[in-house]
Amino acid sequence: MPKQLDFLTLEVGSTITKANGFMKTADNSLEHVAQGFAPTSVAQGNVGIGIFAAVDDLEKRSSYGTDTCEVFANSSAAGGLRVTVHGLTYNMTARAAKEASLGAGAIIKKVTAGELSEYDIDEIEELQPNMIVLAGGVDFGAKEIVLGNAMKLAAMDIGAPVVYAGNSALKRGVETIFHRTGVEIAVVPNVFPDVDQLNVEPLRRRMQDLFSKHIIHAPGMERLKAISNHTIIPTPAAVLRATEIFAETLGDVVVVDVGGATTDVHSVTDGSKEFADKLTDPEPHSKRSVEGDLGVFVNAANIIEISEEASRQDKSAEIKAIPSSDSEKEMTSWLCRKAVEIGVRRHAAVVSEIFTPVGRRQVIKGKDLSAVKYVIGTGGALTRVEGGRKILESICTGVGKYLMPPKTAKILIDSDYLFSALGTMSVDYPELVKNTFKSWSEKHDKLFSI
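To start, this report covers the structure provided alongside it.

How each quantity is defined
Residues numbered from 1 in each chain as written. Predicted model: local features only at pLDDT ≥ 70, side-chain atom pairs only at ≥ 80, totals over all residues. Heavy atoms only, no water. Buried < 20%, exposed > 50% of the residue type's maximum accessible area, 1.4 Å probe, protein only. Helix = DSSP H or I, 4+ residues; strand = E, 2+ residues; numbered from the N terminus. Arc of directions from axis to C-beta. Phe/Tyr/Trp six-rings, centres within 6.5 Å; stacked < 30°, edge-to-face > 60°. Polar contact = N/O pair within 3.5 Å; in protein donor to acceptor, adjacent residues only side chain to side chain. Contact = heavy atoms within 4.5 Å. Pairing = 2+ DSSP bridges. Axes fitted to C-alpha atoms, helices over the stretch in contact; angles between N-to-C directions. Right-handed = clockwise from strand over helix to strand, strands pointing away. Core = buried A, V, L, I, M, F, W, Y, C linked by side-chain atoms within 4.5 Å. Salt bridge = Lys/Arg side-chain N within 4 Å of Asp/Glu carboxyl O.

Turning to helix α9 (residues 300-307), a few remarks are in order. The periodicity of an α-helix, 3.6 residues per turn, causes residues three or four positions apart to be oriented the same way. Every buried residue of α9 is accounted for by Ala 300, Ile 303, Ile 304 and Ser 307. An end-on view of α9 places all buried positions within 100 degrees of arc, on one side of the element. Of the residues in α9, the exposed ones pointing more than 90 degrees away from the buried face are Ala 301 and Glu 305. A positive phi of about 55 degrees marks Glu 308, the residue just after α9.

Another point: the packing of aromatic side chains. Scanning all chains against the criterion turns up seven aromatic pairs. Measuring from ring centre to ring centre gives 5.4 Å for Phe 7 and Tyr 429, while their planes differ by 65 degrees; the resulting arrangement is edge-to-face. Residue Phe 7 is located in strand β2 (residues 7-12), and its partner Tyr 429 is located in the loop between α13 (419-426) and α14 (430-443); the two are separated by 422 residues in the primary sequence. Exposure remark for Phe 7: the relative accessible area of 5% places this residue in the buried category. The class for Tyr 429 is partly exposed, based on a relative accessible area of 27%.

Bringing the side chain of Lys 110 into the picture now. In this structure, Lys 110 sits in strand β8 (residues 106-113). Given the relative accessible area of 11%, Lys 110 is considered buried. A polar side-chain atom of Lys 110 sits 2.8 Å from a polar atom in the side chain of Glu 123. The residues contacting Lys 110, other than those within four sequence positions of it, are Val 83, Thr 84, Val 85, Asp 120, Glu 123, Ile 124 and Leu 127.

This part is about the sheet that holds strand β19 (residues 402-403). Pairing in this open sheet of three strands is antiparallel, and the strands run β17-β16-β19 from one edge to the other. Among the strands making up the open sheet, the edge pair consists of β17 (359-365) and β19. In this sheet, β19 lies alongside strand β16 (residues 349-356) in antiparallel orientation, the contact comprising two bridges. In the strand pairing of β19, Ala 349 is matched with Leu 403.

The next point concerns the environment of Glu 99. In this structure, Glu 99 sits in helix α2 (residues 90-103). The sequence separation of Glu 99 and Val 200 amounts to 101 residues, and the corresponding C-alpha distance is 7.2 Å. Non-local contacts of Glu 99, meaning those with residues more than four positions away in its chain, are made with Glu 283, Pro 284 and Lys 287.

Within the secondary structure, Met 23 is located in strand β3 (residues 16-24). Spatially, the C-alpha atoms of Met 23 and Glu 248 are 23 Å apart, while their sequence positions differ by 225 residues. Excluding residues within four positions of it along the chain, Met 23 makes contact with Lys 3, Gln 4, Leu 5, Asp 6, Ser 29, Leu 30, Glu 31, Val 33 and Tyr 64.

Moving on, we get to the environment of His 347. Take His 347: it is sitting in helix α10 (residues 326-347). With a relative accessible area of 1%, His 347 lands in the buried category. Each C-alpha atom of the pair His 347 and Gly 366 lies 6.9 Å from the other, and the pair is 19 residues apart in sequence. Setting aside its immediate chain neighbours within four residues, His 347 contacts Val 265, Ser 267, Lys 287, Arg 288, Ser 289, Lys 367 and Leu 369.

Below, the discussion takes up the sheet that holds strand β6 (residues 70-75). Ordered by their spatial adjacency, five strands build an open sheet running β4-β3-β2-β6-β12, and the pairing between neighbours is mixed. Edge positions in the open sheet fall to β4 (30-39) and β12 (233-234), since each of these has one partner strand only. Pairing geometry for β6 and β12, over two bridges, is parallel. Pairing of Asn 74 across the sheet is with Ile 233, part of β12. Strands in contact with helix α1 (residues 47-61) are β2, β3 and β4; relative to β4, the strand with the most contacts, it is inclined by about 130 degrees.

Let us now look at the pairing of strand β7 (residues 81-87). Within β7, six of the seven residues are buried, which leaves the element mostly enclosed by the surrounding structure. Note that β7 and β8 share seven bridges and pair parallel. Pairing of Arg 82 across the sheet is with Ile 107, part of β8. A crossover links β7 with its parallel partner β8, the connecting element being α2, and its sense is right-handed. In terms of strand pairing, β7 meets strand β9 (residues 131-134) through four bridges, oriented parallel. What sits directly across from Val 85, in β9, is Val 133.

The nonpolar side chains of a soluble globular protein tend to be buried with one another. Membership of the largest hydrophobic core comes to 33 residues, with the highest contact counts inside it found for Val 258, Leu 335 and Val 340. Listed by contribution, the elements that provide at least two residues to this core are β13 (253-258), α9, α10, α11 (380-384), α12 (388-393) and β20 (410-414). With near-sequence residues (within four places) excluded, Val 340 lies in contact with Val 256, Val 258, Leu 382, Ile 391, Leu 392 and Ile 395. Membership of the second largest hydrophobic core comes to 24 residues, among which are Phe 22, Phe 246, Leu 418 and Ala 421.

When charged atoms on two side chains of opposite charge get close, those side chains can pair. The tally for this structure, following the rule as stated, stands at 21 salt bridges. Across the pair Lys 171 and Glu 175 runs a salt bridge, and its minimum N-O distance is 3.3 Å. Remark: Glu 175 and Lys 171 occur in helix α5 (residues 171-180); sequence separation between them is four residues, near one turn of the helix. Overall, Glu 175 belongs to the partly exposed group, its relative accessible area being 23%. A salt bridge links Glu 291 to Arg 346; its shortest N-O distance comes to 3.0 Å. Taken together, the residues span a long stretch of sequence, with Glu 291 in strand β15 (residues 286-291) and Arg 346 in helix α10 at a distance of 55 residues. Linked through salt bridges whose partners overlap, the residues forming this network are Arg 95, Glu 99, Glu 283 and Lys 287.

Pasting the structure below:
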């Protein structure tokens, strides 16, 4: 009988399902000992097929069994957590709700500010989100537009739960509006309770709870419930959770995930004290941004257009999902480098100057990355292309027009793409994952290729 794993993690992706096996070590950390893959079986109407195929592949590739291990899972299959966000003003509540939703691992399909129009309602119905976030107003502030938006959303028939994270004085009124139409409503503290004050964590946590509750009803997901009693979370949320645990353990960090369709940037830092009083808007300590137009396959044409490099215009035949020839690999590497450069610049703070009655003043908008100690590459493209380390080094330019990671930042590559697995486990075992990051960083093995 094969030796049994202590822990098994499953990532149900849009195309590939990954299984990772871990053993607990004597120093209370994790050793990664097994991995398996299988196509995600969304098209077959039952993701359970791909889940168990990945587990079978893991067992065939290793000498470990999975009969008695604890099982954890994250998922981005079937579109992941699709959300629309509705606030009162964009720079305040709509933006705050968007930040929280992205941190929860959501794919933001639509953001509105102010009164919802009939065209907004029509578009929401077409998008068929699996969750709606309603916000608006600081506590004891604006009322009419928020309540009006609640009535319009409650009248829709899309079956998605609504999370209210707006003016706390309207809690009872909003609950009554949705209860009358039978729409599931969850209320959390205001994401923007006062001017220049963000409170995104309660909304993030509630969205992840609702995701876990509703995704189990997807075809085949009930099989996961039979083998795991842990919360299923969105894959991007798992990566951000791992990023947060890493930062708590080793220091401020940026994690970049380049995929075929999107580029995700996660950062955990408060930035440098030097620039704190120059920020025009509050930024969350943990931030995730999704660049939906930057991908090395599906959105490769967008990168070529944005880069304005004429020499790349005639090389579309070399864009492959899985590059094999030298020219195809070189093209993928170039696309990856551009996706990283553009994606991190969009995530980072922009430094500009404005003229005021008392003279010229420097202002900063966005996330200050100048205090980051580590830059980590994860995901399929960035960990597989040649020169991934150099690509990440290229964005460590320090303070300039953008507040980028410093040149002294340490570059790490998540060579086995384990960040999402560790992030999923950290919900229940944060200390175990902290010890793992510390141990692996000291040994420079398994997780990181230095």
